[in-house]
Amino acid sequence: MTVTRPRLAPLYLAGFTTAFGAHGIAAALGAETEDIGWTLLAFGFTLALYDLAEVLLKPVFGALSDRVGVRPVIVAGLLAFAAFSVIGALVPGTVGLIVARFGQGAAASAFSPASSAAVARLTDGASRGAYFGKYGSWKSLGYALGPLIGAVLVVWAGLPALFWALAALGLAAAAWVRFAVPAVPVLPRKRVTLADLGRELTAPGFLVPTLVLAATTGALAVAVGFLPMLARQAGFGTVASMALVTVLAVVSSIVQPLTGAWHDSGQVSVRTGAIGGLALIAVGIGISGAVALASGAMQAGGGMLLIVALVITALLVGAGVGLATPVAFSHLAASTPEERMGRTMGSAELGRELGDAGGPLVAGAVGTASVPGVGLIVVAALTAGAGALALVGMRRRD
């Protein structure tokens, strides 16, 4: 059935909440590290807890939403997110932060894939792309505004203020979902064996869009981490360096709903959006990698050339993410029986989390062994390779 925007708007807020929680807290913890007295290893471990919880639990909660319904899982996840945020606000020290961070990630593991499944279940083929575009747009805004709002709150009243704000956001989203999102009926499901699950996870209708989402998210994570670092190395300040991430996220938030609407009207096919998006991302990251290598050998003008390249990369990666993400989710939803939509979305989200972790690891490992520019070029090549694989996988389907 087709629904109006007010019925799905609470799901957009849920998507904003998980993105805001991930990036807002991460940026604030980076600013507070010296006051807390962490070692670098402890700091990195605490940052990783949110993503670690998501990797472990997203498929579990996605499958649970098929059993009990997506709305109860979303509401319970948002309430748990609020509860763990309160722990972060009230319990001082490293222990409180570790518990809060892991708990928030576990809670997001529940309401994030369930929200994606709800978008898929509450829309039809004529409108699904547009709604996934809007959902992704609000997540991009969370990624862009999270560090900014988090920094303002921490400067104003310390880290507890940020946790209290996240608690209030989680409670508001839970109440709005409970009373505004229609109930999605639980459908009968057949017994699933390990062989059945293996066939589901290797079917082109799942594997190809999940590959696109993983490659997109991995390259996005590389851009979010490396663009500010390279800008700082070129002599630009913290504000200007972080503005690159904001540019990327804003472009993505604008392009995603447009792409979704164009996909619904037949103007952008799944293949065009997915392959075109990955191509833009690969070109953008490749430009920054090549210019970073060239500017390292320059004595004059290299810094300005690099910052121009970084701006171009932010624009291209933002546009590429905006093109590929909504069509990949729409294709994934169209290829999945409704009775196992939650399990599929949870498994696809796991693929995204692996890309989110793997992209920076590859760029960092290669960059450490050589220079950062080489790491970026390798990521660009891997992204282009994922696009080529997706092109082959979609040739017979779209």
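Whatever comes next refers back to the structure up there.
These figures come from a predicted structure and were not determined experimentally.

(A) Region of interest: the overall build of the protein. For the protein, the helix and strand inventory stands at 13 helices and zero strands. Considering the protein as a whole, with its 398 residues, one finds that 53% of them fall into the buried category. Partitioning the intrachain contacts of the protein with sequence separation of at least 6 by distance along the chain shows that 85% fall at a separation of at least 24. In the form shown here, the protein has an accessible surface area of approximately 16100 Å², with 71% of it arising from carbon and sulfur atoms.

(B) Up close: the nonpolar core. Counting 67 residues, the largest nonpolar core has Ile74, Leu78, Leu162, Val212 and Met345 as its most contacted members. A total of eleven residues in this core trace back to one element, the largest contributor, which is helix H4 (residues 93-121). With sequence-adjacent residues up to four places away left out, Leu78 is seen in contact with Ala14, Thr17, Phe111, Gly170, Ala173, Ala174 and Val177. One finds Leu244, Leu310, Val321 and Ala380 within the second-largest nonpolar core, a separate group that totals 25 residues.

(C) Up close: the side chain of Thr217. Note on placement: Thr217 falls in helix H8 (residues 204-233). Judged by relative accessible area, which is 12%, Thr217 ranks as buried. In this structure the side chain of Thr217 is engaged in a polar contact, spanning 3.2 Å, whose partner is the side chain of Arg352. When sequence neighbours within four positions are dropped, the list of residues in contact with Thr217 reads Arg352, Gly355 and Asp356.

(D) Up close: the pattern of salt bridges. Applying the stated rule across the entire model yields three salt bridges. Between Lys58 and Glu54 there is a salt bridge, with the nearest N and O atoms lying 3.7 Å from each other. Highlighted residues: Lys58 and Glu54, both in helix H2 (residues 40-68), separated by four residues, approximately one helical turn. A residue is classified by how much of its surface remains accessible, and Glu54, at 4% relative accessible area, is buried. A salt bridge links Glu349 to Lys58, with the nearest nitrogen and oxygen atoms 3.0 Å apart.

(E) How the structure looks around empty space enclosed by the protein. Using the criterion set out here, one finds two cavities of 30 Å³ or more in the structure. As a volume, the largest cavity reaches approximately 80 Å³. In this structure, the largest cavity is lined by 14 residues; those nearest its centre are Ser65, Asp66, Arg121, Pro185 and Glu338. Here the residues of the lining of the largest cavity sort into seven nonpolar, three polar and four charged.

(F) Just the packing of aromatic side chains, in detail. Under the criterion given, the structure shown has four aromatic pairs. With 5.8 Å between their ring centres and 50 degrees between their planes, Phe16 and Phe20 make a pair best called tilted. Within this pair, Phe16 and its partner Phe20 are both found in helix H1 (residues 5-36), separated by four residues, close to a single helical turn. By the burial criterion, Phe16 is buried, and Phe20 matches it. Ring geometry for Phe16 and Trp138: centres 6.3 Å apart, planes at 75 degrees, overall edge-to-face.

(G) The packing of H4 against helix H12 (residues 341-369), seen in detail. At their nearest, the axes of H4 and H12 sit 8 Å apart, and the two run at 130 degrees to each other. On the basis of their axis angle, the class for H4 and H12 is oblique. Two packed elements cross with a definite hand, and for H4 against H12 that hand is right-handed. Facing Ser112, Pro113, Ser116, Ala117, Ala120 and Arg121 of H4, the residues of H12 in contact are Met341, Gly342, Met345, Gly346 and Glu349. Looking at side-chain class alone, the contact of H4 with H12 contains five nonpolar, four polar and two charged residues.

(H) A look at a nonpolar patch on the surface. There is a patch of nonpolar side chains on the surface, built from Leu145, Leu148, Ile149 and Val152 and spanning about 330 Å² of accessible area. Topologically, Val152 is positioned in helix H5 (residues 128-157). On the basis of relative accessible area, Val152 is assigned to the exposed category, the value being 51%.

What counts, and at which threshold
Residues numbered from 1 in each chain as written. Predicted model: local features only at pLDDT ≥ 70, side-chain atom pairs only at ≥ 80, totals over all residues. Heavy atoms only, no water. Helix = DSSP H or I, 4+ residues; strand = E, 2+ residues; numbered from the N terminus. Buried < 20%, exposed > 50% of the residue type's maximum accessible area, 1.4 Å probe, protein only. Contact = heavy atoms within 4.5 Å. Areas by Shrake-Rupley, 256 points an atom, 1.4 Å probe, with all protein chains shown as cover. Core = buried A, V, L, I, M, F, W, Y, C linked by side-chain atoms within 4.5 Å. Polar contact = N/O pair within 3.5 Å; in protein donor to acceptor, adjacent residues only side chain to side chain. Salt bridge = Lys/Arg side-chain N within 4 Å of Asp/Glu carboxyl O. 1 Å grid on protein atoms, 1.4 Å probe; cavity = no way out; pocket = protein on both sides within 12 Å on 5 of 7 lines; lining within 4 Å. Points joined across faces, edges and corners; volume = space filled by probe spheres on them. Nonpolar A, V, L, I, M, F, W, Y, C, P; charged D, E, K, R; others polar. Phe/Tyr/Trp six-rings, centres within 6.5 Å; stacked < 30°, edge-to-face > 60°. Axes fitted to C-alpha atoms, helices over the stretch in contact; angles between N-to-C directions. Parallel < 35°, antiparallel > 145°, perpendicular 65-115°, else oblique. Left-handed = near helix turned anticlockwise from the far one by under 90°. Patch = residues over 30% accessible without salt bridge, like charges linked within 9 Å, V, L, I, M, F, W, Y side chains within 5 Å.

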